[in-house]
Amino acid sequence: MKRKTKKRLGCAALNIVFILLCFVTLIPILYAVSVSFSGAGAALSGNFSFIPADPTLENYRAILFDEPFMLWLKNSLLLSAGTVAVAMLCGVTAAYACSRWRFRGRRAVLRVLLVLNAFPQVLSLFAYYRILRLGGLLNSHAGLILIYAGSMCVFAIWNMKGYFDTIPIEIEEASRMDGANDAQLIWKIVLPLAKPAIIVTCVMVLITVWNEYLFATTFLLESDYYSLAGGLYQLQSNDYTRSWPLFTAASILASLPLLLIFFRIQKYMVSGLTAGGVKG
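Keep in mind the model is a prediction, meaning the values are calculated, not measured.

> What should I look at first to understand the overall build of the protein chain in this one?
Assigned secondary structure in the protein chain consists of 14 helices and zero strands. Secondary structure of the protein chain in N-to-C order comes out as α-α-α-α-α-α-α-α-α-α-α-α-α-α. For a compact globule of 280 residues, the expected C-alpha radius of gyration is about 19 Å, and the protein chain comes in at 24 Å, more than 25% above that figure. Dimensions along the principal axes, computed over C-alpha positions, put the protein chain at roughly 75 × 70 × 30 Å. Evaluated residue by residue, the protein chain yields a buried proportion of 35% over its 280 residues. Considering only intrachain contacts with a sequence separation of at least 6, the fraction spanning at least 24 residues in the protein chain is 74%. Carbon and sulfur atoms make up 67% of the accessible area of the protein chain, which totals about 17,500 Å².

> What is the right way to read a nonpolar patch on the surface from this model?
On the surface, Phe23, Val24, Leu26, Ile29, Leu30, Val33, Phe50 and Ile51 cluster together into a nonpolar patch covering about 710 Å² of accessible area. Take isoleucine 29: it is sitting in helix α1 (residues 2–36).

> Can you help me understand the nonpolar core in this one?
A general feature of soluble globular proteins is that nonpolar side chains tend to end up buried together. Leu144, Met160 and Phe164 are the most contacted members of the largest nonpolar core, which totals 51 residues. Elements that contribute at least two residues to this core include exactly α2 (58–65), α3 (69–100), α6 (141–166), α8 (182–193), α9 (195–211), α10 (214–219), α11 (228–236) and α12 (244–264). Ignoring any residue separated from it by four or fewer positions in sequence, one finds methionine 160 in contact with Val92, Ala95, Ala194, Ala197, Ile198 and Thr201.

> Help me understand the side chain of asparagine 59 in this model?
You can see asparagine 59 is positioned in helix α2. In this structure asparagine 59 comes out as buried when scored by relative accessible area, which is 9%. Setting aside chain neighbours within four positions, we find asparagine 59 in contact with Val35, Ser36, Phe37, Ser38, Pro245, Leu246 and Ala249.

> Before we go on, may I ask you to explain the confidence of the model for the protein chain in this structure?
A low pLDDT score tells you not to read the predicted coordinates there in detail. Averaged over every residue, the pLDDT of the protein chain is 83; the share at 70 or more is 90%. Of all secondary-structure elements in the protein chain, the lowest mean pLDDT belongs to helix α14 (residues 273–279), at 38, while α3 reaches the highest, 91. Predicted confidence for residues 272–280 stays below pLDDT 50, and this span has 11 contacts to residues more than four positions away or in other chains.

> What should I look at first to understand the packing of aromatic side chains in this one?
Counted by the stated rule, this structure contains eight aromatic pairs. With centroids separated by 5.5 Å and ring planes inclined at 90 degrees, the aromatic side chains of tyrosine 128 and phenylalanine 215 adopt a geometry described as edge-to-face. Here the residue tyrosine 128 occupies a position in helix α5 (residues 125–134), and phenylalanine 215 occupies one in helix α10, the gap between them amounting to 87 residues. Relative to phenylalanine 247, the ring of tryptophan 244 lies with its centre 5.7 Å away and its plane at 85 degrees, an arrangement referred to as edge-to-face. Residue tryptophan 244 and its partner phenylalanine 247 are located together in helix α12, separated by three residues, close to a single helical turn. Members of the aromatic cluster, connected to one another through ring pairs, are Tyr128, Tyr129, Phe215 and Phe219.

Cut-offs used in this document
Residues numbered from 1 in each chain as written. Predicted model: local features only at pLDDT ≥ 70, side-chain atom pairs only at ≥ 80, totals over all residues. Heavy atoms only, no water. Helix = DSSP H or I, 4+ residues; strand = E, 2+ residues; numbered from the N terminus. Rg over C-alpha atoms; globule rule 2.2 N^0.38 Å. Buried < 20%, exposed > 50% of the residue type's maximum accessible area, 1.4 Å probe, protein only. Contact = heavy atoms within 4.5 Å. Areas by Shrake-Rupley, 256 points an atom, 1.4 Å probe, with all protein chains shown as cover. Patch = residues over 30% accessible without salt bridge, like charges linked within 9 Å, V, L, I, M, F, W, Y side chains within 5 Å. Salt bridge = Lys/Arg side-chain N within 4 Å of Asp/Glu carboxyl O. Core = buried A, V, L, I, M, F, W, Y, C linked by side-chain atoms within 4.5 Å. pLDDT = per-residue confidence, 0-100. Phe/Tyr/Trp six-rings, centres within 6.5 Å; stacked < 30°, edge-to-face > 60°.

Shown next as structure tokens:
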């Protein structure tokens, strides 16, 4: 009984510590939410409070109807969807090939990709600019999608290869013995087993593109092409029209789609589908 009591007290104390840590990390977000419902001078006042003195929805109304927020949202959705499609199409196929086929130079290619991806992307900023300019893709979503997909494809290859390596080869061999051809093996066996890793990789690529700032503000030169990152920058670029409550409202609205997607795929973050596949 004493051991059980000590164990329960230890678990309770550990949970309390975790709750406090979560609250500490949420303080900036909670304060941003409070500022988004406040007036124009609330962020510059000396009072710190999570409850706004005069709550208002004016900031959300202004960002949705007075600013081109929906255009920025549409552009971000286009960039994210295009990048996820291209990066995953190349990444999944290349990862499966590197996992299952033993061709010459496989390890060297993987290592070179990993080394190239280790360098900061800002080093290639000028080269990207020259390539897009020569190709006529400057100030276009297609050019930015190619850049995003090229950089995220390396992450997708390594992430998916690690998952494909955990899928027992016996499952594929048994499917071939049952008469499955290559297309059936990929679409009905391998991809369903790899569904959790595919979904998580897609979300990681989506989050990276959604929050990317440097390339979006460098290669998109006209306001009609701005993503959410570029649009939020424009809100704060002018000292005379800068409004922190408006900026925080726009930031919260920009974060909501990612939060909804994350909550939807939360179960896949910890799933071990290959273990279940072996038992099945």
